[in-house]
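The lines below spell out each chain.
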Amino acid sequence: MADSWPNKGLVTYIENNQDFKKYINLGPFEIANGIQAKSTEIRVSESGDIRLVILRIDGICINSSTVKQRFPSSKVDDFPQPNNPDPVSYRFIELKGVEVSFGFRGAMPGCLSHVVFEPK
């Protein structure tokens, strides 16, 4: 997968343990007009299955209500973060066997900061 990723010249293989291989810095690339993935992390199992993909988002502010409009069945998944000066809230949905989590940072007026894809 990393070999066919946009901007593959920026791929950095950073970790290999008994559970997965980890790639990072698979970006930046444009997702849509005004929205970029500034970096990407991909975790691939030893058998080649994708375990996790994390896109760190930059560009226009996309807030939780915008994601809710696009994905009405998405749910909020917040958890206490009492000592975190920049708390993150999540909205998630399962699409075709993949859990997609949208992370919104509190210090960035609730703008989308990352998207996580986790096959189930």
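Residues numbered from 1 in each chain as written. Predicted model: local features only at pLDDT ≥ 70, side-chain atom pairs only at ≥ 80, totals over all residues. Heavy atoms only, no water.

Caption draft 1: Summary view of the pairing of strand β5 (residues 50-59). One ladder, built from nine bridges, connects strand β4 (residues 35-45) with β5; its direction is antiparallel. Residue R43 lies in a different strand from β5, and its bridge partner there is L52. Following β4, the chain reverses through four residues before pairing antiparallel with β5; G48 in that reversal takes a positive phi of roughly 100°. Of the pairings in the sheet, the one linking β5 to strand β9 (residues 112-119) comprises four bridges and is antiparallel in character. Across the sheet, the residue bridging to R56 is H114, located in β9. (Pairing = 2+ DSSP bridges. Helix = DSSP H or I, 4+ residues; strand = E, 2+ residues; numbered from the N terminus.)

Caption draft 2: Representation of the confidence of the model for the protein. Averaged over all residues, the pLDDT of the protein is 80; the fraction at 70 or higher stands at 74%. Taken element by element, the predicted model of the protein shows its lowest mean pLDDT in strand β1 (residues 12-16) (58) and its highest in β9 (93). (pLDDT = per-residue confidence, 0-100.)

Caption draft 3: A look at the side chain of H114. By the element assignment, H114 lies in strand β9. Within the structure, H114 has its side chain in polar contact with the side chain of Y90 (distance 3.2 Å). If sequence neighbours within four positions are ignored, H114 has contacts with I54, L55, R56, I57, V88, Y90, S101, F102 and G103. (Polar contact = N/O pair within 3.5 Å; in protein donor to acceptor, adjacent residues only side chain to side chain. Contact = heavy atoms within 4.5 Å.)

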